[in-house]
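Now for the letters of each chain:
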Amino acid sequence: MKPDSQPSRVVPVLVPMPAERPYSYSVPAGMQVGPGSIVRVPLGPRQVAGIVWDGDGGSVDPKKLRPIEEVFDCPRVTYDMRRFVDWIAEYTLSPPGMVARMLLRAPAAFDPEPWVEAIERTDAAPDRMTAARGRVLETADTGLAWTRSGLAHAAGVSSTVIDGLKAQGVFRDVMLPPRPVVAPPDPSYAAPQLMPDQERAAVTLTEKVSAGTFSVTLIDGVTGSGKTEVYFEAIAAALKNGRQVLILLPEIALTHAFLERFQDRFGAKPAEWHSDLPPRMREKVWRQVAEGQVRVVAGARSALFLPFRELGLVVVDEEHDPAYKQEDRVYYNARDMAVVRGHIGGFPVVLASATPSLESRVNALSGRYDRVALPARFAEAALPDLKAIDMRRAPPARGGFLSPVLLDETRRTLERGEQSLFFLNRRGYAPLTLCRVCGHRFQCPDCSSWLVEHRFRGQLVCHHCGHNEPRPEACPECGTLDHLVACGPGVERIAEEAVGHFPEARIIVLSSDMLGGVRRLRLELEAISKGEADIVIGTQLVAKGHNFPNMTLVGIVDADLGLANGDPRAAERTFQLLSQVTGRAGRTGKKSLGLLQTYQPEHPVMKAIVSGDAEAFYERETEERQRAGMPPFGRLAGIIVSAATRQEAESHARALRRAAPAAPDIQVLGPAEAPLALIGGRHRFRLLIHGERRSDIQKFARTLLAAAERPRGSVRVQVDIDPQSFL
DNA sequence: ATGGTCGGCAAG
DNA sequence: TTGCCGACCATT
């Protein structure tokens, strides 16, 4: 008899809470569990789903042991996936249970999907024919089995007609297996005509897929060079080899347009995975991925934690996108974790971007990654003509922000019946409000950054923490009425200015805080594509995914925005963002124009954008970073403790210093302080400890965490990801 | 007295 | 992370 079947076996179970190690549970006699089994266990007063982990049950007070309640009828979490969880926990200094939690996010999926009640035709004929019955029978013959209401609907009759026929034995009940969420993709559905460069790139990738070993390849090609078609070929190869495929996209790029494009190539859509997938669908997708029915998933970063059983390729599109960084609970960069997943699973990973991150480019140049470049000569005609507007020479009218040069071009574009885009990466009306009498500036009480006026909502809003208050009439400091002034532009204010210049034009403002949420946004985007707007004024979110076929002018309202915030990645980020936004124009081959309003036309970023010479920019930026020891070369890794308020952050800093007097500098960083952006985009107060090497930081972090009691509550401890040496 | 909110704590 | 408990405060 194997030890497995002894009556009171004890196994480790990873439960979804911040415990450092798996908990031990006893296995009731006769219960079949092994590493990877998903089980229901009692945890304190509640029942949770956990994963049976590797190793033995450890030593716990036998009196504490409680039995596993149930083993779900569900494929086991694979060995690779378990190693992946352990690896991420170790690397990010997160409790493994919290990593496991990311994988257990679809509770209802642990039970098999129920079969569907349906009816099918028998040989019997109805006693008498009616028009309605005729339609039902005719419709029914076009398929094998139907749901009662589905058939009624398709035949255009009430479901009582069906009931009548069923009573006569014309239909009988059957149970159908659950419907697949998507049809299987066909790798040879519509093999594309590739240009020679694309062909070469595609061959390189498909060879890597066929080799079936770990590799990382960066596909680097300007907007419109056909990267997507190329990696689709890699996907086709993986599918032919019987492997599943994951395409990671920044959430916002997961558009209808992308899914359609996939469908055009493979004859079916990929399964989608993102945060606002309806719960029902979430569960179906999770289950069908686990069972191998779903072959391709296009998903946001959390899709990395889907229980693939035969994953053979991960594609990370727009690999440079900062949205790949998860910044709560477990901090990770999905791009890097995708590489780790490939390493563990022994399969290729493809990183794609028109504007690669510096670290991926460095990894490619150093030979750690492979690189495939698409020079995209054939698409050059479609690239917009790009010019910088020197705002010192062509300043806007007093009180305005749009240069006459941009306004002129807009007028011309309107006259041609084409669309213009004004891009400004700032929500709201004005980023700062002050009192003209006493100079009072409106600040967030919680995080001391300026409050942004949202005129449409009549509020002052903190963009860091979400604090908001109604916009007062009088200054809270000196009490003077009607002397508050808005300083600087946001998209709402640009819209106001545009309306003043072009009262006849149809103007749409797009920003993430738009009333009506994602649905409304989707509708607006569609309306724009259909030509129902003349001028679009938008933030970040116009940069991604969507194609506006008639958009021939892109005006960057403030190209310098984001350059001066002290972030070591500022130039890189600005370059990436501006490339993407200007790439929105000219997708149709029509002559198009991109204008950058800037006060520093000599800045390397502006020069790179205008000349199209990305390589020179990257080279320069790389050298500069290396010289300064900035990421991805130097002092990047650190422990971060983030807190909601400054006081809180300060008190944690004191506690940590007390606990570990040998600690290197612990800085408290607020929203305004520069190096924050090293870690990510969403600013809260953080404590940062710099180090030269990740491993040192990690070792130090452990000592610190052991010495101090682990900060609780609103506080998180994490190590940022050193983008170079994580394997 | 009653009810609501909040901080601390334990969970196998 | 979640749920529970006891402490504390404010109101019925």
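Quick caveat, the model's predicted, so the values are computed rather than measured. (Residues numbered from 1 in each chain as written. Chains lettered and ligands numbered in written order. Predicted model: local features only at pLDDT ≥ 70, side-chain atom pairs only at ≥ 80, totals over all residues. Heavy atoms only, no water.)

Undergrad: Kindly report on the protein's contact with DNA strand B, identifying the contributing residues and their values.
TA: Near DNA strand B, the surroundings consist of M17, R21, P22, Y23, S24, Y25, P42, G44, V60, K64 and R66. In DNA strand B, atoms within 4 Å of the protein come from the sugar-phosphate backbone in 40% of cases. S24 has a polar backbone atom sitting 2.4 Å from a sugar or linking oxygen of DNA strand B. One nitrogen or oxygen atom from the side chain of K64 is found 3.2 Å from a base nitrogen belonging to DNA strand B. (Near = heavy atom within 4 Å. Polar contact = N/O pair within 3.5 Å; in protein donor to acceptor, adjacent residues only side chain to side chain.)

Undergrad: Explain the protein's contact with DNA strand C to me, and be specific about the residues and the numbers.
TA: Near DNA strand C there are eight residues, and of these P18, P45, R46, M98 and R329 occur at the shortest range. The share of sugar and phosphate among atoms of DNA strand C within 4 Å of the protein is 65%. At 3.4 Å, a side-chain N or O of R46 approaches a sugar or linking oxygen of DNA strand C. Its residues placed into classes, the surface near DNA strand C shows four nonpolar, no polar and four charged. (Nonpolar A, V, L, I, M, F, W, Y, C, P; charged D, E, K, R; others polar.)

Undergrad: Tell me about the nonpolar core, residues and numbers included.
TA: Nonpolar side chains in soluble globular proteins tend to be buried together. With 60 residues, the main nonpolar core has F84, L246, L248, W286, V297, L304 and F305 as its most contacted residues. The residue makeup of this core includes at least three contributed by each of domain 1 (10-104) and domain 3 (196-379). Every residue in contact with L248, bar those within four places of it in the chain, is listed here: G299, A300, R301, A303, L304, V314, V315, V316, D317, Y324, A334 and A338. One finds L358, L421, L541 and A585 within the second-largest nonpolar core, a separate group that totals 34 residues. (Core = buried A, V, L, I, M, F, W, Y, C linked by side-chain atoms within 4.5 Å. Buried < 20%, exposed > 50% of the residue type's maximum accessible area, 1.4 Å probe, protein only. Domains from an automatic or database assignment. Contact = heavy atoms within 4.5 Å.)

Undergrad: Could you give an account of the UniProt feature "domain: Helicase ATP-binding" (unreviewed entry) in chain A, naming the residues involved and the relevant values?
TA: On the UniProt side, "domain: Helicase ATP-binding" (unreviewed entry) is annotated at positions that read residues 208-374 here. Along residues 208-374 the backbone is 37% helical and 25% strand, and the end-to-end C-alpha distance reaches 18 Å. (UniProt positions renumbered as here; feature names shortened; annotations may be inferred. Helix = DSSP H or I, 4+ residues; strand = E, 2+ residues; numbered from the N terminus.)

Undergrad: Could you give an account of the side chain of E319, with specific residues and numbers?
TA: Within the secondary structure, E319 is located in the loop between β14 (311-317) and β15 (325-326). Looking at E319, the relative accessible area reads 1%, which means it is buried. Among all residues touching E319, those that are not within four sequence positions of it are L218, Y324, R335, L351, A352, S353, P356, S357 and S360.

Undergrad: A description of the sheet that holds strand β17 (residues 348-353) should follow, citing residues and the corresponding values.
TA: A sheet is described by the order of its strands in space; here seven strands give the open sequence β12-β13-β11-β14-β17-β10-β18, paired in parallel fashion. Here the strands that pair on one side only, and so sit at the sheet edges, are β12 (271-273) and β18 (370-374). Ignoring which end each strand starts from, the neighbouring axes of this sheet average 20 degrees apart. Two elements, β12 and strand β13 (residues 296-299), share three bridges in a ladder whose sense is parallel. Paired with W273 across the strands is G299, a residue of β13. Packing of helix α8 (residues 256-266) onto the sheet brings it into contact with β11 (244-248), β12 and β13, and relative to β13 it is tilted by some 160 degrees. Across the sheet, helix α11 (residues 358-365) is in contact with β10 (215-221), β17 and β18; its angle to β18 comes to roughly 110 degrees. (Pairing = 2+ DSSP bridges. Axes fitted to C-alpha atoms, helices over the stretch in contact; angles between N-to-C directions.)

Undergrad: Describe the packing of helix α15 (residues 570-582) against helix α16 (residues 604-611), and please don't skip the residues or the numbers.
TA: The geometry of α15 relative to α16 is characterised by a closest axis approach of 10 Å and an angle of 30 degrees between their N-to-C directions. Taken as axis vectors, α15 and α16 run roughly parallel relative to one another. When you trace α15 past α16, the crossing you get is right-handed. Contacts between α15 and α16 involve A571, T574, F575, L578 and S579 from the first element and V605, M606, A608 and I609 from the second. The residue inventory of the contact of α15 with α16, partitioned by class, reads seven nonpolar, two polar and no charged. (Parallel < 35°, antiparallel > 145°, perpendicular 65-115°, else oblique. Left-handed = near helix turned anticlockwise from the far one by under 90°.)

Undergrad: Outline the sheet that holds strand β8 (residues 145-146), supporting the account with residue identities and numerical values.
TA: Taken in spatial order, the three strands line up as β8-β7-β9 in an open sheet, and their pairing is antiparallel. Edge positions in the open sheet fall to β8 and β9 (171-176), since each of these has one partner strand only. With six bridges joining them, strand β7 (residues 116-121) and β9 adopt antiparallel strand pairing. Note that in β9 the partner of V116 across the bridge is L176.

Undergrad: Break down the UniProt feature "binding site: Zn(2+) 1" (unreviewed entry) in chain A for me, with residues and values.
TA: Mapped onto this structure's residue numbering, the UniProt feature "binding site: Zn(2+) 1" (unreviewed entry) falls at C435, C438, C475 and C478. Sequence-wise these annotated residues cover 44 residues; spatially they are packed, their C-alpha atoms never more than 8.6 Å apart. For C438, the position within the fold is in the loop between β21 (432-435) and β22 (452-454). Other than its neighbours up to four places away in sequence, C438 contacts C475, E477 and C478. Mapping C478 onto the fold places it in the loop between β24 (468-470) and β25 (484-487). Other than its neighbours up to four places away in sequence, C478 contacts C435, V437 and C438.

Undergrad: Can you break down the pattern of salt bridges residue by residue, with the values?
TA: All told, the structure shown has 38 salt bridges when counted by the stated rule. Between D54 and R82 there is a salt bridge, and its shortest N-O distance comes to 2.8 Å. Remark: R82 occurs in helix α1 (residues 79-92) and D54 occurs in the loop between β4 (46-52) and β5 (66-67); sequence separation between them is 28 residues. Judged by relative accessible area, R82 falls into the buried class, the value being 7%. Several salt bridges converge on common partners, so that one network encompasses E319, R335, D336, E359 and R569. (Salt bridge = Lys/Arg side-chain N within 4 Å of Asp/Glu carboxyl O.)

Undergrad: How would you sum up empty space enclosed by the protein? Please name residues and give values.
TA: One pass over the full model with this rule turns up four cavities of 30 Å³ or more. By volume, the largest cavity amounts to about 90 Å³. Along its surface, the largest cavity is lined by 13 residues, and H320, R335, E359, R569 and R573 are the ones closest to its centre. It is α15 that contributes the most residues to the lining of the largest cavity, three residues altogether. Counting only domains with at least three residues in the lining of the largest cavity, you end up with domain 3 (196-379) and domain 4 (381-426 + 489-622). (1 Å grid on protein atoms, 1.4 Å probe; cavity = no way out; pocket = protein on both sides within 12 Å on 5 of 7 lines; lining within 4 Å. Points joined across faces, edges and corners; volume = space filled by probe spheres on them.)

Undergrad: Talk me through the packing of aromatic side chains; I want residue IDs and the actual numbers.
TA: One pass over the full model with this rule turns up 13 aromatic pairs. The interplanar angle of 80 degrees and the centroid separation of 5.7 Å between the aromatic rings of F575 and Y618 together place this pair among those described as edge-to-face. Here the residue F575 occupies a position in helix α15, and Y618 occupies one in helix α17 (residues 614-628), the gap between them amounting to 43 residues. As far as the burial class goes, F575 and Y618 line up, both buried. Positioned above the aromatic ring of F266 is the side chain of R265, whose terminal nitrogen or guanidinium carbon lies 4.6 Å from the ring centre. Just above the ring of W273 sits the side chain of R282; from NZ or CZ to the centre is 4.5 Å. (Phe/Tyr/Trp six-rings, centres within 6.5 Å; stacked < 30°, edge-to-face > 60°. Lys NZ or Arg CZ within 6 Å of the ring centre and 35° of its normal.)

Undergrad: I'd like to hear about the environment of I68, residue by residue, with values.
TA: Among the structural elements, I68 can be located in the loop between β5 and β6 (70-71). With residues near it in sequence (within four places) discarded, I68 still touches V11, V13, Y25, S26, V27, P28, M31, V33, V39, R40 and V41.

Undergrad: For the confidence of the model for chain A, give the residues involved together with the corresponding values.
TA: Per-residue confidence for chain A gives a mean pLDDT of 86; residues scoring 70 or more make up 84%. Contacts from residues 1-6, a stretch scored under 50 in pLDDT, to residues over four places away or in other chains number two contacts. Within the model, the stretch residues 673-684 combines pLDDT values under 50 with 40 contacts to residues more than four positions away or in other chains. (pLDDT = per-residue confidence, 0-100.)

Undergrad: Summarise the packing of α11 against α17; cite the residues concerned and give the values.
TA: Helix-helix packing is described using two parameters, namely the angle between the two axes and the distance between the axes. Taken N-terminus to C-terminus, the directions of α11 and α17 make an angle of 90 degrees; their axes are 11 Å apart at the nearest point. Considered as vectors, α11 and α17 are oriented roughly perpendicular to each other. Here L358, R361 and V362 of α11 lie close against α17, whose contacting residues are E615, Y618, E619, E621, T622 and R625. Looking at the contact of α11 with α17 residue by residue, the classes come out as three nonpolar, one polar and five charged.

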